[in-house]
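This is what each chain is made of:
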Amino acid sequence: MRQRWWDSNRGRRMDKPAGKPSSRSRFILLIFMSCLLWCLLLFFHFSVLSGPPRETQARSEVKPPPKKSLMVKQETLTPNPSWPPRAFVKAMKTAENKSDPCGGRYVYVHDLPAKFNDDMLKECRRLSLWTNMCKFTANAGLGPPLDNSEGVFSNTGWFATNQFSMDVIFRNRMKQYECLTNDSSLAAAVYVPFYAGLDISRHLWGYNISVRDSASLALMDWLMSRPEWKAMNGHDHFLVGGRITWDFRRLSDQESDWGSKLLFLPAMKNMTMLVVEASPWNKNDMAIPYPTYFHPAKDSDISDWQNRMRTLNRPYLFSFAGAPRPGIPTSIRGQIMDQCKNSKVAKLLECDLGESKCHSPSAIMNMFQESVFCLQPQGDSYTRRSLFDSMLAGCIPVLFHPGSAYAQYIWHLPKNYTTYSVFIAEDDIRKRNASIEEVLLQIPEKRVKKMREKVIKLIPNLVYADPRSKLGGFKDAFDVAVQSMIGKIAKLRMDLLEGRYIVDYEDDGEGSEQSTRKWEGLRRDGERTWDEFFSKPKDEVSATSQTNASGRQGSVGDSKGKDQAQKKKLRL
């Protein structure tokens, strides 16, 4: 580059008339050459030593995406001019104030019109076609207190909590959050108290897609008109939907397709939605634990319960509570139930459409407390509330698919699954007829005790404290979720400031895939990955689960209503 510059100037000098230059001309030329030399040195320092310009560097590093439908568009960009850094630098600087206990932790809560939350509770009888949700939305979303006549629970903190009450519980917990602010410029995150789960639950059956989408579309219009949205185009916003992600991922506008298209709305792609089951392939949702029956009001409620779980006698090696899935040929539930029936060290609690102990929280929790291991296969979708009820009882979960926990609750569970669970691949049961009893008996007793202790120590992070009180030293599932959400936004803001913002979506009209796979980085034995469990060809997924219309609630009431997105992608 320097040679070309000198060549061009040399040509200009040769065109001048010959003659002896004057002293003044030489002096001017010397000054000019000195300034030029300094400019070259500065250019070399900032451009060559510091690397190529960001945009050029990005173009050289980004590989073209493979030829595949629903692919991801990735590119490194300088900060978006529509998000001036000053819009969130003030919020980031609060973390540097060591005298402020809320520095870097402030949350701004939108004051939504009542139609997006409170009005739904006033019409609570319409929230479910089969269940009267009015009693379950009482007590700040915890439901009615549970009777402890059988001595299975502790004396306080236990409620008949519906597994789909997360919207109400989370919002009421947020009201007790110690770092709320009315100044959105200070906020590390912006919470949108929309009852997304309750909204779609009242419209899942018997309503057209216009009704199913109406509240979601109205919410996006409202949010995008707010000044708080414009700070980051909604990337610092999050909301909670107390259902599985597939209820919000309708792929088409066909009336027969399941759920709403909330998570496919353009504005929603910028936000993050907390759900009880997330998509392993998408980044605009994250999984948080299902609510259990236990909602401690103080730290002693937790520590007393943990100590009790440590001292229990557990006569059963393993147990299972659930029903078969005859409509899903790839389901292993039938084989699991057969193994339980044929084992002398197992307990089975069969669930059906009629009256069953499966609908009794005390019967469920009592069985889990008597078991060393609790089997947790997939249900109508990847996940089950039963996973958290069993861990609450100090029972070590046995999982058969990474999508049931490992690729879901990455904020709340350790990356190393072997510290708290046992994994047996579905194919080992389905094709090789592996003996669950033999696998579990091979685990040394010392390791079993260590795993159980890990499960018991995880209990505080897996339960939601009573929203009407406040814990002291323990962090519950709400605290972990909010802290992790703030960390996610803080990283995005830093990436924006440093020109590393990632464009996650390329909309093809049906919804989009994102680059980050939630199971990546999770530890598995040896050099193997979890990819094989999430890459099943679509034509091999021949079975689809029927929507369970019974509306049953309880520990083993698996997530209902898998939509077409899951039917295409899910390896059952």
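Cut-offs applied
Residues numbered from 1 in each chain as written. Predicted model: local features only at pLDDT ≥ 70, side-chain atom pairs only at ≥ 80, totals over all residues. Heavy atoms only, no water. Helix = DSSP H or I, 4+ residues; strand = E, 2+ residues; numbered from the N terminus. Buried < 20%, exposed > 50% of the residue type's maximum accessible area, 1.4 Å probe, protein only. Contact = heavy atoms within 4.5 Å. Areas by Shrake-Rupley, 256 points an atom, 1.4 Å probe, with all protein chains shown as cover. Salt bridge = Lys/Arg side-chain N within 4 Å of Asp/Glu carboxyl O. Pairing = 2+ DSSP bridges. Axes fitted to C-alpha atoms, helices over the stretch in contact; angles between N-to-C directions. Phe/Tyr/Trp six-rings, centres within 6.5 Å; stacked < 30°, edge-to-face > 60°. Lys NZ or Arg CZ within 6 Å of the ring centre and 35° of its normal. Disulfide = S-S within 2.5 Å. Expected span 1.5 Å × (residues − 1). Core = buried A, V, L, I, M, F, W, Y, C linked by side-chain atoms within 4.5 Å. Domains from an automatic or database assignment. Parallel < 35°, antiparallel > 145°, perpendicular 65-115°, else oblique. Nonpolar A, V, L, I, M, F, W, Y, C, P; charged D, E, K, R; others polar. Left-handed = near helix turned anticlockwise from the far one by under 90°.

1. Remarks on the overall build of the protein chain
Stage number 1. The number of helices and strands found in the protein chain is 18 helices and 13 strands.
Stage number 2. The buried share among the 572 residues of the protein chain stands at 53%.
Stage number 3. Put simply, of all contacts in the protein chain between residues at least 6 apart along the chain, 76% involve residues at least 24 apart.
Stage number 4. Put simply, the protein chain shows about 26,500 Å² of open surface, and 53% of that area lies on carbon and sulfur atoms.

2. Some words on the pattern of salt bridges
Stage number 1. If you walk through the whole model with that rule in mind, you get 29 salt bridges.
Stage number 2. Its salt-bridge partner being Lys-298, residue Asp-301 comes within 3.1 Å of it at the nearest N-O pair.
Stage number 3. The class for Asp-301 is buried, based on a relative accessible area of 10%.
Stage number 4. Close ionic contact of Arg-385 with Asp-389 constitutes a salt bridge, the shortest N to O distance being 3.2 Å.
Stage number 5. With a relative accessible area of 0%, Arg-385 lands in the buried category.
Stage number 6. The buried category is assigned to Asp-389, whose relative accessible area is 0%.
Stage number 7. One continuous salt-bridge network, built from bridges that share partners, spans Asp-213, Arg-250, Asp-253 and Lys-261.

3. Focus: the sheet that holds strand E8 (residues 316-322)
Stage number 1. The strand order E9-E8-E10-E11-E12 describes an open sheet built from 5 strands, whose pairing is parallel. Strand pairing shows two members of the sheet lacking a second neighbour, strand E9 (346-350) and strand E12 (422-423), which therefore form its edges.

4. Observations regarding the sheet that holds strand E7 (residues 285-287)
Stage number 1. The strand order across the open sheet built from 6 strands is E3-E2-E4-E5-E6-E7, with neighbouring strands paired in parallel fashion. At either end of the open sheet lies a strand with only one pairing partner, and these are strand E3 (180-181) and E7.
Stage number 2. Pairing between strand E2 (residues 107-109) and strand E4 (residues 189-192): 3 bridges, direction parallel. Across the sheet, residue Tyr-108 finds its bridge partner in E4, namely Val-190.
Stage number 3. Running at roughly 140 degrees to strand E6 (residues 272-277), helix H17 (residues 477-497) makes contact with E2, E4, strand E5 (237-244) and E6 of the sheet.

5. A short note on the packing of aromatic side chains
Stage number 1. Scanning all chains against the criterion turns up 21 aromatic pairs.
Stage number 2. With a centroid separation of 6.4 Å and an interplanar angle of 45 degrees, the aromatic rings of Tyr-290 and Phe-388 are classed as tilted. Pair noted here: Tyr-290 is in the loop between E7 and helix H10 (299-310) and Phe-388 is in helix H13 (residues 386-392), with a separation of 98 residues, a long-range link. One exposure class covers both Tyr-290 and Phe-388, and it is buried.
Stage number 3. Feature note: the residues Phe-170, Tyr-177, Tyr-191, Phe-238 and Phe-478 constitute an aromatic cluster, connected by ring pairs.
Stage number 4. One cation-aromatic arrangement involves Arg-243 over Phe-164; the distance from NZ or CZ to the ring centre is 4.3 Å.
Stage number 5. Sitting above the plane of the Tyr-293 ring, Arg-385 keeps its charged end 4.1 Å from the centroid.

6. A short note on the state of the cysteines
Stage number 1. Taken as a whole and assessed by the stated rule, the structure comprises 4 disulfides.
Stage number 2. Across a sulfur-sulfur distance of 1.9 Å, Cys-124 and Cys-134 are joined as a disulfide pair. One disulfide, between Cys-124 and Cys-134, carries an S-S torsion of 90 degrees and so falls in the right-handed class. Pair noted here: Cys-124 is in the loop between helix H5 (118-122) and helix H6 (166-175) and Cys-134 is in the loop between H5 and H6, with a separation of 10 residues, a long-range link.
Stage number 3. Judged by its relative accessible area of 10%, Cys-124 is buried.

7. Here's the deal with H17
Stage number 1. Compared with an ideal rise of 1.5 Å per residue, which puts 21 residues at 30 Å, H17 spans 30 Å between its outermost C-alpha atoms and is within 8% of the ideal.
Stage number 2. Positive backbone phi, at 75 degrees, marks Gly-499, one or two positions downstream of H17.

8. A few points about the environment of Leu-471
Stage number 1. Relative to the elements of secondary structure, Leu-471 occurs in the loop between helix H16 (445-462) and H17.
Stage number 2. Judged by relative accessible area, which is 13%, Leu-471 ranks as buried.
Stage number 3. Sequence-wise, Leu-471 and Asp-299 are 172 residues apart; in three dimensions their C-alpha atoms are separated by 5.6 Å.
Stage number 4. Every residue in contact with Leu-471, bar those within four places of it in the chain, is listed here: Pro-296, Ala-297, Lys-298, Asp-299, Ile-302, Ala-465 and Asp-476.

9. What about the nonpolar core?
Stage number 1. Ranked by internal contacts, the top residues of the largest apolar core, which has 81 residues, are Phe-194 and Phe-373.
Stage number 2. Here this core spans two domains, since at least three of its residues come from each of domain 1 (86-291 + 477-497) and domain 2 (307-462).
Stage number 3. In terms of nonpolar packing, the next biggest core, distinct from the first, is built from 29 residues, Tyr-106, Leu-274, Met-286 and Ala-481 among them.

10. Description of the environment of Arg-125
Stage number 1. In this fold, Arg-125 is placed in the loop between H5 and H6.
Stage number 2. Sequence spacing of Arg-125 and Arg-202 is 77 residues, and the spatial spacing of their C-alpha atoms is 9.2 Å.

11. Topic: the packing of H6 against H17
Stage number 1. With their axes 11 Å apart at the nearest point, H6 and H17 run at an angle of 80 degrees to one another. Judged by the angle between their axes, H6 and H17 are roughly perpendicular. Every residue of H17 that contacts H6 at Phe-170, Arg-173 and Met-174 is listed here: Phe-478, Asp-479, Ala-481 and Val-482.
Stage number 2. A per-class count over the contact of H6 with H17 returns 5 nonpolar, no polar and 2 charged.

12. Structural notes on the packing of H10 against H16
Stage number 1. Closest axis-to-axis distance for the H10/H16 pair is 10 Å, and the angle between their directions is 165 degrees. Classified by the angle their axes make, H10 and H16 are roughly antiparallel. At the point where H10 passes H16, the crossing takes the right-handed sense. Packed against H10, whose contacting residues are Ile-302, Trp-305, Gln-306, Met-309 and Arg-310, the element H16 presents Glu-453, Ile-456, Lys-457, Ile-459 and Pro-460 at the interface.
Stage number 2. Of the residues belonging to the contact of H10 with H16, the class tally is 6 nonpolar, 1 polar and 3 charged.

13. Digging into helix H12 (residues 361-369)
Stage number 1. For H12, the buried fraction is high: 8 of the 9 residues fall into the buried class.
Stage number 2. The inward-facing, buried residues of H12 contact H10, E8, E9, strand E10 (371-376) and H13.

14. Considerations on the pairing of E6
Stage number 1. Counting buried residues in E6 gives 6 out of 6 residues, a clear majority hidden from the surface.
Stage number 2. Alignment of E5 against E6, held across 5 bridges, turns out to be parallel. What sits directly across from Leu-239, in E6, is Met-273.
Stage number 3. Inspection of the sheet shows E6 paired to E7 by 3 bridges, in the parallel sense. Considered in E7, the bridge of Leu-274 is made with Met-286.

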